[in-house]
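Residues per chain are reported as follows:
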Amino acid sequence: MKDWPLWEVFIRSSHGLAHKHVGSLRAADAEMAIGNARDVYTRRNEGVSIWVVRSADIAASSPGDKEPLFDPARSKVYRHPTFFQLIDGVKHM
Amino acid sequence: MSLFDYVLRLGDNALILGQQLAALTGHGPVIEEDIATANIALDLVGEARLWLSLAGEIEGAGRDEDDLAFLRDEIDFRNLLLVERPNGDFADTMARQFLFDAWHEALLEALSASTDARVAAVAAKSWKEARYHLSHSGGWVIRLGDGTDYSHGRMSGRPAS
Amino acid sequence: MYAQMVDTGVQRLRSTEELDGDERHFQERIDAGVRIEPEDWMPDSYRKTLVRQISQHAHSEIVGMLPEGNWITRAPSLLRKATLLAKVQDEGGHGLYLYAAAETLGVSRDDLIDALHEGKAKYSSIFNYPTLTWADIGAIGWLVDGAAIINQIPLCRCSYGPYGRAMVRVCKEESFHQRQGYDIMTVLAQGSAAQRRMAQDALNRWWWPAVMMFGPPDTESVHSAQSAAWRIKLHSNDELRQRFIDQTVPQADLLDLKIPDPDLRWNEARQSYDIGAIDWNEFHAVVRGDGPCNKERLAARRDAWDRGAWVRDAAAAHAEKTTIERKTGETR
């Protein structure tokens, strides 16, 4: 038989954080993927919402592009609040 | 029928079907389905514990869930004959499950409005579980009914080959 | 362990200086504690070894459902039934996480399962022993899961990202498994004479197989050096085995159960227990396929897979039909 497609599972926990990738599983269709994700990845109250995406549909950055993609951000230190020295006595900033 | 008998019947249904599904653990068609089946079995064993504890409480003779589950003779069980049907193959298991779930879900919804608060509480908790069970078995009835000639035949009662 | 005697395909470990190009860069990253991710370059032998190790581990979880599953329908109370069912279900989940981790290395789960069914892939020797009494369920949780935890906690820090993350999830879920086993043993050990006898009998039968789970002694572990350099094996077999023994013996003492080893002694100088000779012939026989339940276990797995084939095909066929419908807008 053919393998059932692989799905990536994203769960939003009850703490209000964004959906987080938790793992993958196999399912023949989307409805089954959601059911399986519920049974496999939320057995211990881990979530209140499930997304499933076929792994084949995910476009990912390539490791070879790591330098052009991510290195340029390193030099922009002024984007971070710790870059700025505050004078003594300033509060709520 | 006394309330004790009625609650016992509800407990026996869940107990026997839970036991049957539990026996399938590790023998499913794919791991994901093994895990799903175990979840349904766990829900049913949990439900059985609640009904049997309540039956023991109603009876007032000091019997707990385990006394009622383990220390009765088979002629004293009050379950539906449907849940005693053998597991058979996956189509048999799902047909049994779908018919049971469809009935169980409607029954528990109605019992959630019972005038007996204890019955209503157990029914309301189990109803949520039963709704999921019905969508799971219903999904499989459709998949097998529509899938291949063989699965269609099995789902509509043609003997296994 | 759950992955025993994993072949690295490497005859001799080369030092970083002897490596060149990609391979050298790869080893330097591992030495620096950088996690390797699926899309990163990796030596073929690293990939193959990991596939073997992770799939062995996955197979062990799935085959491991069988000996305990044997007692779900016969657990002595409804609470014990539910707890055991939840535990065996977790093992299915763990197998699934591990297969998914292996799949990131470019193999398919179906191929891995085929290799198991054809007898080409191994699984842990421990699951080829029978579960004869309810006390065996206690012994497995206490000893087998106890040994597994000792092995798996370091693997959370292994060099391969998906494997490490799977291990984190497994370890988090597994913490209740050992306790439920020890709880069963405690109740039996503190129960009637017949129950105590049953608990002792289970310990007698499971002790040595559990000690052997960690694999052959370091002097005979031919592939360990390469696996250690790759950081997919973080402690030696004997180190982990000693840790298991030192942790477990006092737990047996607390229950007044006797470890079935006349040579077991506390070694004051080493601050560890010395144990008697391990019967490695038994271990190798079980790994070779001649354990008490090898044939039964494999037959049960093959049977489930073969009987499920038409179900998997039907679901795939239904999915295909509905996808076509959605694309063409036609309904049947």
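Further up the page is the structure itself.
All values reported here derive from a predicted model rather than from experimental measurement.

K.L.:
Whenever I open this one, the sheet that holds strand S1 (residues 6–12) of chain A confuses me. Can you help?
P.N.:
Pairing between the strands of a sheet comes from backbone hydrogen bonds, and it takes one of two forms, parallel or antiparallel. Residue and element names in this part refer to chain A. The strand order across the open sheet formed by three strands is S2-S1-S3, and the pairing between neighbours is antiparallel. Each edge of the open sheet is held by one strand with a lone partner, namely strand S2 (20–26) and strand S3 (49–54). For this sheet, the mean angle separating the axes of adjacent strands, direction not counted, is 30 degrees. Relative to S3, S1 is paired through six bridges, and the arrangement is antiparallel. Its bridge partner lying in S3, Trp7 is registered against Arg54.

K.L.:
Sorry, what's going on with the nonpolar core here?
P.N.:
The tendency in soluble globular proteins is for nonpolar side chains to be buried side by side. One finds Tyr46, Trp207 and Phe244 of chain C to be the most contacted residues of the largest nonpolar core, which totals 153 residues. Among the elements that take part in this core, helix H2 (residues 31–59) of chain B stands out by supplying 13 residues, more than any other. If we skip the residues at most four places from it in the chain, Phe244 of chain C touches Leu143, Gly146, Ala147, Ile150, Trp207, Ala210, Val211 and Phe214 of chain C.

K.L.:
Would you take a moment to explain the packing of helix H1 (residues 3–22) of chain B against H2 of chain B for this structure?
P.N.:
Geometry of a packed helix pair, given as the angle between the helix axes and the separation of the axes. Residues and elements named next belong to chain B. Relative to each other, H1 and H2 sit at 155 degrees, their axes nearing to 7 Å. Comparing the axis directions of H1 and H2 gives the class roughly antiparallel. In this structure, H1 meets H2 at a crossing whose hand is left-handed. Its residues placed into classes, the contact of H1 with H2 shows 20 nonpolar, three polar and three charged.

K.L.:
Just to check I follow, could you spell out the environment of His152 of chain B for this structure?
P.N.:
All names here are of chain B. The residue His152 is located in helix H6 (residues 149–155) in this model. In this structure the C-alpha to C-alpha distance between His152 and His104, which are 48 residues apart in sequence, comes to 25 Å. Ignoring sequence-local partners within four residues, the contact set of His152 consists of Leu144 and Gly145.

K.L.:
When you look at the interface of chain C and chain B in this model, what are you seeing that I'm missing?
P.N.:
The accessible area lost on association of the parts is a frequent measure of interface size. Listed as interface residues are 37 residues of chain C and, on the opposing side, 38 residues of chain B. Taken together, the two surfaces of chain C and chain B that pack against each other cover about 3100 Å², and 70% of this comes from carbon and sulfur. By the criterion of area lost to chain B, the three top residues of chain C are Leu78, Gln89 and Trp310 of chain C, representing 24% of everything that side buries. Of the charged contacts, one joins Asp146 of chain B and Lys321 of chain C as a salt bridge, the two residues approaching to 3.8 Å between their closest N and O atoms. In this structure, the connection of chain C to chain B is made through 11 residue pairs in polar contact (both at pLDDT 80 or more). Here the side of chain C that touches chain B gets 15 residues from one element, more than from any other, and that element is helix H12 (residues 294–328) of chain C. Broken down by class, the residue content of the side of chain C that touches chain B amounts to 22 nonpolar, seven polar and eight charged.

Conventions we followed
Residues numbered from 1 in each chain as written. Chains lettered and ligands numbered in written order. Predicted model: local features only at pLDDT ≥ 70, side-chain atom pairs only at ≥ 80, totals over all residues. Heavy atoms only, no water. Pairing = 2+ DSSP bridges. Helix = DSSP H or I, 4+ residues; strand = E, 2+ residues; numbered from the N terminus. Axes fitted to C-alpha atoms, helices over the stretch in contact; angles between N-to-C directions. Core = buried A, V, L, I, M, F, W, Y, C linked by side-chain atoms within 4.5 Å. Buried < 20%, exposed > 50% of the residue type's maximum accessible area, 1.4 Å probe, protein only. Contact = heavy atoms within 4.5 Å. Parallel < 35°, antiparallel > 145°, perpendicular 65-115°, else oblique. Left-handed = near helix turned anticlockwise from the far one by under 90°. Nonpolar A, V, L, I, M, F, W, Y, C, P; charged D, E, K, R; others polar. Buried area = accessible area lost by both parts, 1.4 Å probe. Salt bridge = Lys/Arg side-chain N within 4 Å of Asp/Glu carboxyl O. Polar contact = N/O pair within 3.5 Å; in protein donor to acceptor, adjacent residues only side chain to side chain.

Bear in mind that shape data such as this cannot, by itself, settle questions of function.
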